[in-house]
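# Coordinates in review
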Amino acid sequence: MGDFKTVGQQFVNFYYSTFDSGRANLAGLYRDTSMLSFEASEIMGTQAIIEKLSSLPFQKVQHRVDTMDTQPSNSQGGLMVLVTGALLVDDSTNPLHFCQVFQLLPHDGSYYVQNDVFRLNYG
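Residues numbered from 1 in each chain as written. Predicted model: local features only at pLDDT ≥ 70, side-chain atom pairs only at ≥ 80, totals over all residues. Heavy atoms only, no water.

## Some details on helix α1 (residues 4-21)
The terminal C-alpha atoms of α1, which comprises 18 residues, lie 26 Å apart, in line with the 26 Å expected from a rise of 1.5 Å per residue. Within the span of α1, buried status applies to V7, G8, F11, V12, Y15, Y16, T18 and F19. Looking down the long axis of α1, one finds its buried residues gathered within 160° of arc, a one-sided arrangement. Along α1, the residues that are exposed and aim more than 90 degrees away from the buried face are Q10 and S21. Taken together, the buried residues of α1 touch β1 (30-38), α2 (46-54), β3 (61-72), β4 (79-89), β5 (96-107) and β6 (110-120). (Helix = DSSP H or I, 4+ residues; strand = E, 2+ residues; numbered from the N terminus. Expected span 1.5 Å × (residues − 1). Buried < 20%, exposed > 50% of the residue type's maximum accessible area, 1.4 Å probe, protein only. Arc of directions from axis to C-beta. Contact = heavy atoms within 4.5 Å.)

## Quick word on the UniProt feature "domain: NTF2" (unreviewed entry) in the chain
The UniProt feature table records "domain: NTF2" (unreviewed entry) at residues 7-120. Taken end to end, residues 7-120 has its terminal C-alpha atoms 25 Å apart, with 21% of it in helix and 52% in strand. (UniProt positions renumbered as here; feature names shortened; annotations may be inferred.)

## Looking at the pairing of β1
In this structure, β1 lies alongside β6, joined through five bridges in parallel fashion. Note that in β6 the partner of F38 across the bridge is F118. Here β1 runs beside strand β2 (residues 41-44); their pairing, made up of four bridges, is antiparallel. Across the sheet, L36 pairs through a bridge with I43, a residue of β2. Here β1 hands over to β2 after two residues, with E39 in that stretch at a positive phi of 55°. (Pairing = 2+ DSSP bridges.)

## Quick notes on the pairing of β3
A regular strand carries its side chains on alternate faces of the sheet. Across 11 bridges, the pairing between β3 and β4 is antiparallel. Directly across from P72, in β4, lies its bridge partner L79. Counting the residues between successive antiparallel strands, the hairpin from β3 to β4 contains six residues, one of them, G77, with a positive phi of roughly 100°.

## Some details on the nonpolar core
If you look at the biggest cluster of nonpolar residues, it comprises 30 residues, and the most contacted ones within it are Y15, Y30, L53 and F102. Of all the secondary structure elements, the ones that give two or more residues to this core are α1, β1, α2, β4, β5 and β6. No other element matches α1, which puts six residues into this core. Setting aside its immediate chain neighbours within four residues, F102 contacts F11, Y15, Y16, L79, M80, V81, V83, V113, N115 and D116. (Core = buried A, V, L, I, M, F, W, Y, C linked by side-chain atoms within 4.5 Å.)

## Some details on the sheet that holds β4
With mixed pairing, the six strands of this open sheet are ordered in space as β2-β1-β6-β5-β4-β3. Of all the strands in the sheet, the pair left with one neighbour each is β2 and β3. Here the strands of the sheet are splayed against their neighbours by 20° on average, with no regard to which way each runs. Seen against the sheet, α1 touches β1, β3, β4, β5 and β6 and runs at an angle of roughly 160° to β3. Of the strands in this sheet, β1 and β2 are in contact with α2, which crosses β1 at around 40°. (Axes fitted to C-alpha atoms, helices over the stretch in contact; angles between N-to-C directions.)

## Examining α2
Of the positions making up α2, those classed as buried are T46, I49, I50 and L53. Within α2, the buried residues cover an arc of 95° as seen down the axis, which keeps them to one side. Those residues of α2 that are buried lie in contact with α1, β1 and β2.

Below you can see the structure in the form of structure tokens.
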């Protein structure tokens, strides 16, 4: 499945470009056992996660990745990916800074998101 840093970079590029162009298209990355922690909300399962992401109160979003770290996370080939960056929503010119962590698990020659933790950084 390739070098873990390359896989992490490919995942991050795909995730944020897909999120920015059509959040509902992220469904293939999640499973019914996947969990998203979004600010104070905990959401489990593909359908509930996509409903949450699709219901966020903005129409347009653009992510900018500032840093990314990837580590192998278990003997089965899982990956832990940490991303920091900023996002612009709708027509705002004030970026919102964020941190997001993904636990990726291998499945059928690819990866899916088992855990996804998102937080805005205030202050």
